[in-house]
Each structure stands twice: as structure tokens, then as C-alpha cells.
Amino acid sequence: MTTGNEGPGDAGGKPARGSGGPSPFTEEEIAAVTGPGDVDDLEDADVATIEADEAPDLQSSFEKLLVKSRNLSTERIRTIVESVLFVADKPLDLNQLYEATGIDREKIQEALNQISGIHRDGISGVVLYEVAGGWQFRTDPHSAEYVRRYLRVKPQRLTRAAVETLAIIAYRQPVTRPEVEDIRGVDCGAVIKALLDRKLIKILGKKEEVGRPMLYGTTREFLEFFALKDLSALPTLREFHELTQEHQEIVEKERPAAPPASGTVEALADPEFQKRMEKSVAASEAALEELEEAMNAAEKTQQAATSLLNPTPPPTEGGSGSEPG
């Protein structure tokens, strides 16, 4: 039992733990637990180090891949190419795939054809596209709305002026800014700068003429942006005229509606309408006949008036033309 004169602590007068007083354990008790040794001995201890692996010999490793790739099955080659394309951040061509895998280029092309059949538009959520001279996995265009919502990104759009300018450069490259402005009829400086900032076009050089204006052309990013294999994949002028049914519907929606010709078909199919048309035609023909008769009568009247005003002299007797004696 404690009295009021005792401070905080236990019954034996030892200060309680956490009270800020001296340790309740003696030095002998601490040494028995921790063992002999000085705290400063830790500074002399060896520091554990992790040795980095030496740089691999790329040449020897590639030779091993070449040897290993000869015994790979067709299915295994397909999975290897598929894995490499999956982790690539840009389109890969045959040479890049060959350098990464050591597999023969013909076998890689066969694998790409197989993968294209499996991962195709409308069938798979991930589609293999031939873009910018290479191959790349991309999400299915039909799932774009859901992918954008998950990534919380806005779709990349181009203004009408940017699309027009970019189309002129794509089809006429290399082309100068004055040539683009001559076609569009407006200043294109700001639009060209914006396209340069987005890396859709680049400066190819300078034209050898007065002032040496810069020449512009499209970039690899342009092909990737529009999912084009190369510039030959651009639609031709004929293809612009032969629009698909989907594009025709879009054009019809944007075009102002023409006034409807309501009732025309029904009127043509009405028997009474046909009868009225026949009567109208008959009346027109009758009016034409009356007009023709009136014109003939007027012509006869004119001839009669002419004969009265200019009578023909009677012929003389004897037919000699001499006066009688």
C-alpha cells in the first residue's frame, strides 16, 4: 500500500516505465542480454554490397538466339513475336523483330500473318495493325469510347484548318508555305506551326528559288496518327468520290435537307390524274391546230390584199409590143 508521500512508481519505490527516470535494469542485466562488445564496433563492420552483372555480350547472345530459333515450332515463334510486339512502344518492322528474336524473317512474316488473323478488327479487343512501315498492337477502334473513359483522356482532334493544311502537305510534299497558302487562299503560318509542334509534319529542307522557302513533309508520327502503312495508303481522288454507305449517311446528315416532293409519286399513280393529263394534252393539241388554221387564214388574207394593191397588167394583142396605127 502506498502513501501520499510516495511518488509515482511501483510499491518498491522504483520509478514506473516511461516516467523519464533511470532504467529499471542494471548494467549487468543489460550486458547479459546483449552480450559483450562495444557499440562502436558496428562502424568497423563490412558493408554488404550487391555486385552488378557484367554487360552481356550482345554478339554471342544473338548467335545463341540464332541457333535456338532453328528448333522453334511455328506456334512458339508466333508467341515470341506476339510477346515482343506487346511490349514495344512503337511499330516494329521485320528487321527489328529479327534483331530482337533471331528468327528467320520469312518465319516472322508467317507469324505476323497468323497474329493478324487472330487479332483483327471486330474480333479481338487488341488489333494488330501495319503502321508506318512496321507492326503494332492497338486497341479495337470500336472500344475507343470505353478505353478513353478508363484512361480519362480526350480524343485527339484536328481543326478543319489543320486537316486541310495537313492534307495539302501530305499529297503535295515537299511543298512550301506559299504553295499551301495559294491553294487554301488564307494565311497558314499558325496552322503549320501547330502541326510542327505536334510532330505531324517536319522541315525537309529549302527550295532552290528566290527567298529559299522551307519545304514541308509528313512524319512517321503522321502515319501512326492516321494508322497508315505508308503514304501510298492515302485514299486516292477516286476513292473520295466513291464514298462508303456509312460516309454517305454522314454527308446526308450534315447537308441541309432538300424540300420534300411529297405526293408526287401518289399523284402519278392516280388514274384520275392520268385522265386529266390526257385531257390537257388533247386540249393543247387542239389549240395548236386552231393556231395553225388562224395562221393559214391570215396568210391567205395577206395574199389577197397584195393582189388588190398591185394588180397584174393585162397582156397586149399581137404580142409584138408595137402601138396600133
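Quick look at the nonpolar core
Point 1. Counting 20 residues, the largest nonpolar core has Leu-166, Ile-169, Val-180, Leu-195, Ile-201 and Phe-222 as its most contacted members.
Point 2. Among the elements of the structure, α7 (160–172), α9 (189–197) and α10 (220–225) are those that each provide at least two residues to this core.
Point 3. Per-element accounting of this core gives the leading share, 5 residues, to α7.
Point 4. Those residues in contact with Ile-169 that lie beyond four places of it in its chain are Val-175, Val-180, Ile-201, Tyr-216, Gly-217 and Thr-218.
Point 5. The next biggest cluster of nonpolar side chains, apart from the first, holds 16 residues, and it includes Leu-85, Ile-103, Ala-111 and Leu-128.

As for the packing of α7 against α9
Between two packed helices, both the angle of their axes relative to each other and the distance between the axes serve to describe the pair.
Point 1. The geometry of α7 relative to α9 is characterised by a closest axis approach of 10 Å and an angle of 80° between their N-to-C directions. Viewed along their axes, α7 and α9 adopt a mutual orientation that is roughly perpendicular. On the side of α7, the interface is formed by Ala-161, Ala-162, Thr-165 and Leu-166, while α9 contributes Val-191, Ile-192 and Leu-195.

A look at a nonpolar patch on the surface
Point 1. The grouping of Tyr-150, Leu-151 and Val-153 at the surface amounts to a nonpolar patch, some 360 Å² of accessible area in total.
Point 2. Mapped onto the secondary structure, Val-153 falls in the loop between α6 (144–151) and α7.
Point 3. Since its relative accessible area comes to 43%, Val-153 is described here as partly exposed.

Considering the pattern of salt bridges
Point 1. Overall, the coordinates contain 12 salt bridges when judged by the stated rule.
Point 2. Notably, a salt bridge pairs Glu-181 with Arg-177, separated by 2.7 Å at the nearest N-O pair. Placement of the pair is Glu-181 and Arg-177 together in helix α8 (residues 177–184), with a separation of 4 residues, close to one helical turn.
Point 3. Relative accessible area serves as the criterion here: at 34%, Arg-177 is assigned to the partly exposed category.
Point 4. Among the charged side chains, a salt-bridge network with shared partners connects Glu-75, Arg-78 and Glu-82.

Looking at the packing of aromatic side chains
Ring pairs (aromatic) are described by centroid distance and by the angle formed between their planes.
Point 1. Under the counting rule described, the total for this entry stands at 2 aromatic pairs.
Point 2. Taking the centre distance of 4.9 Å and the plane angle of 75° together, the rings of Phe-225 and Phe-226 count as edge-to-face.
Point 3. Residue classification places Phe-226 among the partly exposed positions, given a relative accessible area of 36%.
Point 4. An aromatic cluster is defined as three or more aromatic residues linked by ring pairs; in this entry it consists of Phe-222, Phe-225 and Phe-226.
Point 5. Looking at Arg-105, its charged tip hangs above the ring of Tyr-98, at a distance of 4.1 Å from the centre.

A word on the pairing of strand β5 (residues 214–218)
Point 1. With 4 of 5 residues buried, β5 lies mostly within the body of the structure.
Point 2. Here strand β3 (residues 175–176) pairs with β5 via 2 bridges, running antiparallel. Residue Val-175 lies in a different strand from β5, and its bridge partner there is Tyr-216.

Thoughts on the sheet that holds β3
Point 1. Pairing in this open sheet of 3 strands is antiparallel, and the strands run β3-β5-β4 from one edge to the other. Taken across any chain shown, the strands that pair with only one partner, and hence form the sheet edges, are β3 and β4 (201–206).
Point 2. Inspection of the sheet shows β4 paired to β5 by 5 bridges, in the antiparallel sense. Across the sheet, Lys-202 pairs through a bridge with Gly-217, a residue of β5.
Point 3. This element, α7, spans β3, β4 and β5 of the sheet and lies at about 95° to β5.
Point 4. Running at roughly 110° to β4, α9 makes contact with β4 and β5 of the sheet.

Let's talk about the environment of Gly-134
Point 1. Topologically, Gly-134 is positioned in strand β2 (residues 134–139).
Point 2. With a relative accessible area of 0%, Gly-134 lands in the buried category.
Point 3. Along the backbone, Gly-134 and Asp-230 are 96 residues apart, and their C-alpha atoms lie at a distance of 9.6 Å.
Point 4. Aside from chain neighbours lying at most four places away, what touches Gly-134 is Pro-91, Leu-92, Asp-93 and Tyr-129.

A word on the side chain of Asp-140
Point 1. Topologically, Asp-140 is positioned in the loop between β2 and α6.
Point 2. Buried charge without a partner: Asp-140 forms no salt bridge, and the closest opposite charge is Arg-120, 11 Å away.
Point 3. Excluding residues within four positions of it along the chain, Asp-140 makes contact with Asp-121, Gly-122, Ser-124, Gly-125 and Val-127.

Quick look at unusual backbone geometry
Point 1. Following Gln-173, the chain continues to Pro-174 via a peptide bond in cis, the omega torsion being -5°.
Point 2. By the element assignment, Pro-174 lies in the loop between α7 and β3.
Point 3. A positive phi is found at Ala-132, a non-glycine position, where the angle reads about 50°.
Point 4. The buried category is assigned to Ala-132, whose relative accessible area is 9%.

Regarding a negative patch on the surface
Point 1. Taken together, Glu-285, Glu-289, Glu-290, Glu-292 and Glu-293 make up a surface patch of like negative charges.
Point 2. Its place among the elements puts Glu-293 in helix α14 (residues 271–309).

About the thresholds
Along every chain, residues carry numbers that run from 1 in the direction the sequence is written. A pLDDT threshold of at least 70 governs which residues receive local features in this predicted model, and a stricter bar of 80 or more applies before side-chain atom pairs are shown or counted, although totals over entire chains, interfaces and linings include all residues. Remark: hydrogens and water are excluded; side-chain values derive from all non-hydrogen atoms of the structure. Only buried Ala, Val, Leu, Ile, Met, Phe, Trp, Tyr and Cys residues count toward a nonpolar core, and they belong to the same one when joined by side-chain atoms within 4.5 Å. Partly exposed residues are those whose accessible area sits between 20% and 50% of the maximum for their type, while under 20% is buried and over 50% is exposed, using a 1.4 Å probe and protein chains only. Per the convention used, a helix needs a DSSP run of H or I reaching at least four residues, while a strand needs a run of E reaching at least two, with both numbered from the N terminus. Residue contacts are defined here by distance: any two heavy atoms, one from each residue, within 4.5 Å place the two residues in contact. Axes, fitted as lines to C-alpha atoms, cover a helix only where it is in contact. Angles between the N-to-C directions of the axes lie from 0 to 180 degrees. We call two directions roughly parallel when the angle between them is under 35 degrees, roughly antiparallel when it is over 145, roughly perpendicular when it lies between 65 and 115, and oblique otherwise. Any residue with relative accessible area above 30% and no salt bridge may belong to a patch, with like charges joined within 9 Å and the nonpolar Val, Leu, Ile, Met, Phe, Trp and Tyr side chains within 5 Å. Values of accessible area rely on a 1.4 Å probe in the Shrake-Rupley scheme; residue burial ignores everything except the protein chains shown. Between Lys or Arg on one side and Asp or Glu on the other, a salt bridge is scored when a side-chain nitrogen of the former is within 4 Å of a carboxyl oxygen of the latter. Working definition: a ring pair exists when centres of Phe, Tyr or Trp rings (six-membered ring for Trp) sit within 6.5 Å. Plane angles under 30 degrees give stacked, over 60 give edge-to-face, the rest tilted. Whether a charge lies above a ring is judged from NZ of Lys or CZ of Arg, which has to be within 6 Å of the ring centre and within 35 degrees of the ring normal. The pairing criterion for strands is at least two bridges between them, as found by DSSP. His is not counted, nor are the chain ends, whereas Lys and Arg count as positive and Asp and Glu as negative. All charge positions are set by atom: Lys at NZ, Arg at CZ, Asp at CG, Glu at CD.

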